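These are the residues of each chain, in order.
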Amino acid sequence: MTNRHTNRRAFISAAISVRNKMRRLARRRTHRNFSQFLSDGPYAGVRILAARQRHQDNSDEATHPDFAASFSKGLNHHWSTGLPIAAEYSALMSALDGQAANALTRLPAPGSLAAIDGLPNTHRRGRSFVNPLSGLATDVYGLDPYDIKMPPAPDLSSEVAAKEMVELYWMALVRDVPFADWVNRPPPGAANIAAAISELHALNNTGAPFAEHYVGGILSKTIDLSTLFRGAAPGNEVGGYVSQFLIHDIPYGTLRIEQRQRPVPFRDHMLTWRKWFDVQQGRGIDFEPSPAKERFEPRVTDRQVRGRRYRHIHSLRDLTHYVRFDALHEAYFNAALILDGLLAPLAPNNPYADMSREFTQRGFGTLGGPHILAFLTEVATRALKVVWHQKWFVHRRLRPEEFGGRVHVAKKTGTNRHGIHADLLTSQALVTTKTEKRTWLLPQAFHEGSPMHPSYGAGHATVAGACVTILKAMFDPRCEFDPSHVMRVKRDGSGIEADPSSPKLTVGGELNKLAANIAIARNAAGVHYRSDYTKSLALGEAVALAMLQEQALTFAEDISGPVFIFENFSGQVIAIDANGSISRGVYPRPCQRRVPERERSLFSS
């Protein structure tokens with residue numbers, strides 16, 4: 001037996017070789033060998049930065065010297081306009097840009113904590129900014145936050161930004177309409193659904209589209225019941241609104257967890273200028289959501305929910321509550337456990353998916369259950385670092401609630417000083433909001449409004465893109481659910497039942513739907529825009545793709561053909577070989593299997 005304390009150089013040569021290959025991969029990533037393989041269509045625009053290329057924002061900070069288009073929650077604002085005190089925003093911008101310059105040459109960045117501590121909002125007992133410095137952190141391997149860029153967000157006065165806001169106003173108006181009632185019930189709920197479809201379809205087919213969807217593999221601008229408020233990736237348009245992975249019970253070891261939550265009152269927030277203004281000022285720690293009060297024991301006083309202790313997700317309101325307190329990668333961790341509980345087939349290139357090997361060996365620490373769960377957690381934290389760089393150090397896009405403040409002032413004063421597009425100011429959504437909610441402001445699902453960080457990109461959407469990409473690479477996304485395992489939520493959310501009327505659902509389609517459910521639920525809450533979802537999903541996909549490249553170098557298993565193969569969010573098949581090279585792929589064989597298919601759990605050791 002080799003003495004572990006003798007010279008180990010000969011025994012670590014393979015590890016050194018792998019690390020050197022990883023460094024070469026990181027140095028040589030370009031659009032040609034990396035970002036051209038990311039999703040296109042509505043997800044297009046995320047790219048590796050070329051040499052001497054810089055990140056690019058939408059120029060709103062320069063276009064609007066009053067910073068009307070920039071994230072400013074927590075700073076002091078002018079009462080009459082709702083705009084930030086320019087000196088305070090300039091101090092915020094200067095502190096962030098200064099730390100970004102420092103972190104380029106040295107980590108940890110000297111004085112970084114003190115610089116953020118000294119920002120204007122921290123001199124009161126207000127809400128604190130959320131982790132700006134994580135956007136300057138790096139990883140030894142994978143994508144560095146400086147390496148990847150997002151396209152500029154739609155600017156404040158653009159046609160697309162206006163249309164995105166119209167969609168958000170409609171989402172706020174139908175938050176409490178059960179999904180089952182979108183087609184089956186009389187007004188008022190169904191009336192707003194029909195009005196939303198009519199207006200959004202017309203907007204999407206006139207001028208610049210704001211919401212394209214892959215329907216049957218073809219990019220479509222149609223807005224109907226199968227695409228309304230849904231994601232753009234293939235599978236989102238098939239079946240019910242809610243993914244199977246938010247319906248099925250979760251097998252958690254010996255426990256089985258029903259996906260039910262305490263209901264919240266049918267109550268919107270920030271409907272008056274005073275309440276809106278206080279939230280923008282960041283006043284009071286009471287504005288922070290309290291897990292102890294809200295997650296487990298919300299004050300349920302509205303008669304619509306009194307007496308119902310727990311229910312499944314059956315409306316946009318329920319989805320917004322889920323994404324207010326989720327552990328960010330929680331839904332995808334759960335999805336992996338559900339796929340294992342359903343004995344879903346592994347990816348066809350996984351050597352342990354070969355049924356002839358069932359009685360000789362199986363995956364565990366590599367290409368097995370523990371590997372998958374650890375992979376999801378790791379890719380999530382890497383995704384957050386990358387998107388936080390975009391939020392704080394590139395785009396600093398204002399939140400939808402702040403945009404709603406600009407709309408309120410424009411409508412109330414009759415002066416459109418920031419050039420908000422007429423598609424929003426003359427929309428039926430705004431008229432209906434004024435009639436039903438008595439406000440021009442965007443009604444919020446959360447009393448505290450958005451978190452204390454900028455809008456673009458979206459943390460939930462980036463993590464969704466990263467984690468779902470990993471799941472599609474580890475399981476076979478083409479496999480269909482057995483019809484007996486397709487479930488739906490009862491109309492009142494009290495339970496789940498088999499759905500005999502469901503069309504065929506695939507693992508990949510329901511995973512794409514899961515990513516959209518989580519990301520777009522944040523839109524339904526009023527804290528993100530559609531472009532935050534689409535572009536951030538591709539950003540997360542890029543983070544996952546880089547990790548899959550590196551993982552492909554590390555296995556002892558001699559896998560023939562690609563190590564990983566999966567469909568991206570535009571339906572293209574991507575393959576990664578044992579050298580980490582990416583190419584367009586072809587699945588080795590048709591999927592003729594269904595869920596369930598395997599004989600045993602991935603966690604049986």
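The shown structure was predicted, so the numbers you read here are calculated from the model rather than taken from an experiment.

Visitor: Before we go on, may I ask you to explain the sheet that holds strand β13 (residues 573-576) in this structure?
Guide: Strand pairing in a sheet relies on backbone hydrogen bonds. The paired strands run either parallel or antiparallel. The antiparallel open sheet is built from three strands, whose spatial order is β12-β13-β14. Looking at the sheet topology across the chains shown, the edges are occupied by β12 (564-567) and β14 (582-584). Between one strand and the next, the sheet's axes are offset by a mean angle of 25°, whatever the strand orientation. Where β13 meets β14, three bridges bridge the pair, whose relative direction is antiparallel. Bridging across to β14, A575 finds its partner in S583.

Visitor: Would you take a moment to explain the packing of aromatic side chains for this structure?
Guide: One pass over the structure, following the stated rule, counts 15 aromatic pairs. Taken together, a centroid distance of 6.2 Å and an interplanar angle of 75° make the contact between Y43 and Y533 edge-to-face. Linking Y43 in the loop between α1 (13-28) and β1 (47-48) with Y533 in helix α18 (residues 530-552), this pair joins segments that are 490 residues apart in sequence. Accessibility expressed as a relative area gives 0% for Y43, which makes it buried.

Visitor: How do you make sense of the packing of helix α5 (residues 159-173) against helix α15 (residues 428-437) when you look at a structure like this?
Guide: Two measures define how a pair of helices packs: the angle their axes make with one another and the distance between the axes. For the pair α5 and α15, interaxial distance at closest approach is 9 Å and the crossing angle is 35°. Where α5 crosses over α15, the two elements pack in a sense that is left-handed. Two secondary-structure elements touch here, α5 through V166, Y169, W170 and L173 and α15 through Q428, A429, L430, T432, T433, E436 and K437. The class makeup of the residues in the contact of α5 with α15 is six nonpolar, three polar and two charged.

Visitor: What is the right way to read helix α7 (residues 189-204) from this model?
Guide: Each α-helix turn comprises 3.6 residues. Residues three or four places apart therefore point the same way. A rise of 1.5 Å per residue sets the reference length of α7, with its 16 residues, at 22 Å; its end C-alpha atoms lie 22 Å apart and thus fit the reference within 8%. Three or more residues of α7 are buried, namely G189, A190, N192, I193, A196, I197, E199, L200, L203 and N204.

Visitor: Sorry if this is basic, but what is going on with the side chain of S112 here?
Guide: As for its position among the elements, S112 is in helix α4 (residues 112-117). Using a relative accessible area of 14% as the deciding quantity, one classes S112 as buried.

Visitor: What is the right way to look at a positive patch on the surface in this model?
Guide: Among the surface-exposed residues, R19, K21, R23, R24, R27 and R28 lie close enough to one another that they form a single positively charged patch. Within the secondary structure layout, R24 lies in helix α1.

Visitor: Which parts of the structure should I look at to understand the pairing of β13?
Guide: On β13, burial covers both faces: V573 and A575 on one face and I574 and I576 on the other are all buried. With four bridges connecting them, β12 and β13 associate as antiparallel partners. By the bridge assignment for β13, F566 is matched with I574. Turn length for the β12-β13 hairpin, with the two strands adjacent in sequence and antiparallel, is five residues, and the turn residue G571 shows positive phi of about 85°.

Visitor: Whenever I open this one, unusual backbone geometry confuses me. Can you help?
Guide: Residues apart from glycine generally show negative phi values, whereas peptide bonds are mostly found in trans. Cis rather than trans, the peptide bond between L107 and P108 has omega equal to -5°. Tracing the chain through its elements places P108 in the loop between α3 (86-105) and α4. Here the residue pair Y456 and G457 is connected by a cis peptide bond, since its omega of -5° sits within 30 degrees of zero. For G457, the location among the structural elements is in the loop between α15 and α16 (459-474). The phi dihedral of F67 is positive, around 60°, even though this residue is not glycine. The backbone of M270 sits at a positive phi, close to 60°, despite the residue not being glycine. Within the element layout of this structure, M270 appears in the loop between β7 (260-261) and α8 (273-281).

Visitor: Just checking my understanding: could you explain the environment of D340 for this structure?
Guide: Checked against the element boundaries, D340 lands in helix α11 (residues 330-341). Taking relative accessible area as the criterion, D340 reaches 7% and is therefore assigned buried. Put simply, D340 and G369 are 29 residues apart on the chain and 7.9 Å apart in space, counted from C-alpha to C-alpha. In terms of polar contacts, D340 uses its side chain to reach the backbone amide nitrogen of L602, at 2.6 Å.

Visitor: Looking at this structure, how should I read a nonpolar patch on the surface?
Guide: On the surface, Y252, L255 and I257 cluster together into a nonpolar patch covering about 290 Å² of accessible area. Within the fold, L255 resides in strand β6 (residues 255-257). Judged by its relative accessible area of 52%, L255 is exposed.

Visitor: Just to check I follow, could you spell out the nonpolar core for this structure?
Guide: Generally speaking, soluble globular proteins have nonpolar side chains that are buried together. With 155 residues, the main nonpolar core has F229, Y332, F403 and F564 as its most contacted residues. Beyond its immediate chain neighbours, meaning those up to four positions away, F403 contacts L156, A161, M165, L398, I420, L424 and Y529. Core analysis: the second largest hydrophobic core is formed by seven residues, W273, W276, V279 and V409 among them.

What counts and what doesn't
Residues numbered from 1 in each chain as written. Predicted model: local features only at pLDDT ≥ 70, side-chain atom pairs only at ≥ 80, totals over all residues. Heavy atoms only, no water. Pairing = 2+ DSSP bridges. Helix = DSSP H or I, 4+ residues; strand = E, 2+ residues; numbered from the N terminus. Axes fitted to C-alpha atoms, helices over the stretch in contact; angles between N-to-C directions. Phe/Tyr/Trp six-rings, centres within 6.5 Å; stacked < 30°, edge-to-face > 60°. Buried < 20%, exposed > 50% of the residue type's maximum accessible area, 1.4 Å probe, protein only. Left-handed = near helix turned anticlockwise from the far one by under 90°. Contact = heavy atoms within 4.5 Å. Nonpolar A, V, L, I, M, F, W, Y, C, P; charged D, E, K, R; others polar. Expected span 1.5 Å × (residues − 1). Patch = residues over 30% accessible without salt bridge, like charges linked within 9 Å, V, L, I, M, F, W, Y side chains within 5 Å. Areas by Shrake-Rupley, 256 points an atom, 1.4 Å probe, with all protein chains shown as cover. Salt bridge = Lys/Arg side-chain N within 4 Å of Asp/Glu carboxyl O. Lys, Arg positive; Asp, Glu negative; His and termini not counted. Charge placed at Lys NZ, Arg CZ, Asp CG, Glu CD. Polar contact = N/O pair within 3.5 Å; in protein donor to acceptor, adjacent residues only side chain to side chain. Core = buried A, V, L, I, M, F, W, Y, C linked by side-chain atoms within 4.5 Å.

In short, the description is geometric, and any link to function would need to be established separately.
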